[in-house]
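A closer look at the structure
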Amino acid sequence: KQEVTQIPAALSVPEGENLVLNCSFTDSAIYNLQWFRQDPGKGLTSLLLIQSSQREQTSGRLNASLDKSSGRSTLYIAASQPGDSATYLCAVRPTSGGSNYKLTFGKGTLLTVNP
Amino acid sequence: GAVVSQHPSWVICKSGTSVKIECRSLDFQATTMFWYRQFPKQSLMLMATSNEGSKATYEQGVEKDKFLINHASLTLSTLTVTSAHPEDSSFYICSARVLALYTDTQYFGPGTRLTVL
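The residue numbers shown here count from 1 along each chain, following its written sequence. Following the order in which they are written, the chains are lettered starting with A and the ligands numbered starting with 1. Local features in this predicted model are restricted to residues whose pLDDT is 70 or higher, and side-chain atom pairs enter the listing and the counts only when it is 80 or higher, whereas totals over whole chains, interfaces and linings include all residues. Where side-chain values are given, they derive from all heavy atoms of the structure, hydrogens and water being excluded.

1. What about the sheet that holds strand S7 (residues 67–73) of chain B?
All names here are of chain B. Stated formally: When DSSP finds two or more bridges between a pair of strands, those strands are recorded as paired. Segments assigned H or I by DSSP are reported as helices when at least four residues long, segments assigned E as strands when at least two residues long, and all are numbered from the N terminus. To obtain each axis, a line is fitted to C-alpha atoms, and for helices this fit is confined to the stretch in contact; angles are then taken between N-to-C directions over 0 to 180 degrees.
Taken together, four strands build an open sheet; the order of strands is S1-S3-S8-S7 and the sheet is antiparallel. In this open sheet, the two edge strands, each paired with only one partner strand, are strand S1 (4–7) and S7. Here the strands of the sheet are splayed against their neighbours by 15 degrees on average, with no regard to which way each runs. Relative to strand S3 (residues 19–25), S1 is paired through four bridges, and the arrangement is antiparallel. Residue pairing for S3: Gln 6 is matched across the bridge by Cys 23.

2. What to know about empty space enclosed by the protein
Using the following cut-off: Method remark: on a 1 Å grid restricted to protein atoms, a set of points is classed as a cavity if a 1.4 Å probe fits but cannot get out and as a pocket if it is open with protein on both sides within 12 Å along at least five of seven lines; lining residues have an atom within 4 Å of a point. Grid points are joined across faces, edges and corners, and a volume is the space filled by probe spheres set on the points. Only Asp, Glu, Lys and Arg are considered charged in this grouping, and only Ala, Val, Leu, Ile, Met, Phe, Trp, Tyr, Cys and Pro are considered nonpolar; every other residue, Gly among them, is considered polar.
Tallied over the entire structure, the rule returns one cavity of 30 Å³ or more. Its boundaries defined by the atoms lining it, the largest cavity holds a volume of some 50 Å³. Together, Asn32(A), Gln34(A), Leu49(A), Arg93(A), Tyr101(A), Leu103(A), Asp104(B), Thr105(B) and Gln106(B) line the largest cavity. Counting only elements with at least two residues in the lining of the largest cavity, the list comes to strand S4 (30–38) of chain A together with strand S10 (104–108) of chain B. Tallying contributions element by element places S10(B) first for the lining of the largest cavity, with three residues. Considered class by class, the residues forming the lining of the largest cavity number three nonpolar, four polar and two charged.

3. With respect to the interface of chain B and chain A
What counts is decided by this rule: By definition in these notes, contact holds between two residues if any of their heavy atoms fall within 4.5 Å. Defined here as a combined quantity, buried area equals the accessible surface (1.4 Å probe) lost by two parts on assembly, summed across both. Definition used for salt bridges: Asp or Glu carboxyl oxygen within 4 Å of a side-chain nitrogen of Lys or Arg.
Listed per partner, the contact involves 21 residues of chain B and 18 residues of chain A. Carbon and sulfur atoms make up 48% of the surface buried where chain B meets chain A, a total of about 1,500 Å² over both sides. In this structure, the connection of chain B to chain A is made through one salt bridge. Across the salt bridge formed by Lys102(A) and Glu59(B), the nearest N and O atoms sit 3.2 Å from each other.

Following this line, the structure appears as structure tokens:
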């Protein structure tokens, strides 16, 4: 059974700091890994999706890396801003399941960027 | 990008009543929609997979008679919480799957906060 762990559970940083969020998964048979942002009481916004054959993806100040063999992914946020404050979730899609695949989510990292 | 809406965004009901939550894909057709539940400070847990025109597939431990799912069209899936109890209070999120030539991803709705008194 796939398990996804995110460390740390919460992180507080001053504005402008670069930071790294970690995600680990127990089963390396993944199709892709996705990072989401969730604001309080809101749904999920997809940030980056990395296919299993890729090593990293970048979007603006965000960079996500994937090391499938070691079961790890990191989300790097450069020059953090107060608007980045949210919960960041990672989710993995397995290679199995076909059209009825199931995403497995981590519990998330609650990020607070202080002005 | 693809937009998924949910209605209502929040609902408060009395114990023993039923509540229906709608999930709509606004600008695309979704043959598959997913229903998740999220408790405070917990991850999203998949409840069921809903395929248009067929019965939903429920995850282990999810009561199909309590959480009724209907996916009658390619743009609408509904989740009905029957005989709701306080322990059903949670944040319910749906997602809709987009499957195209170079795309296979899920788009998530904004969620529905259910509070059962």
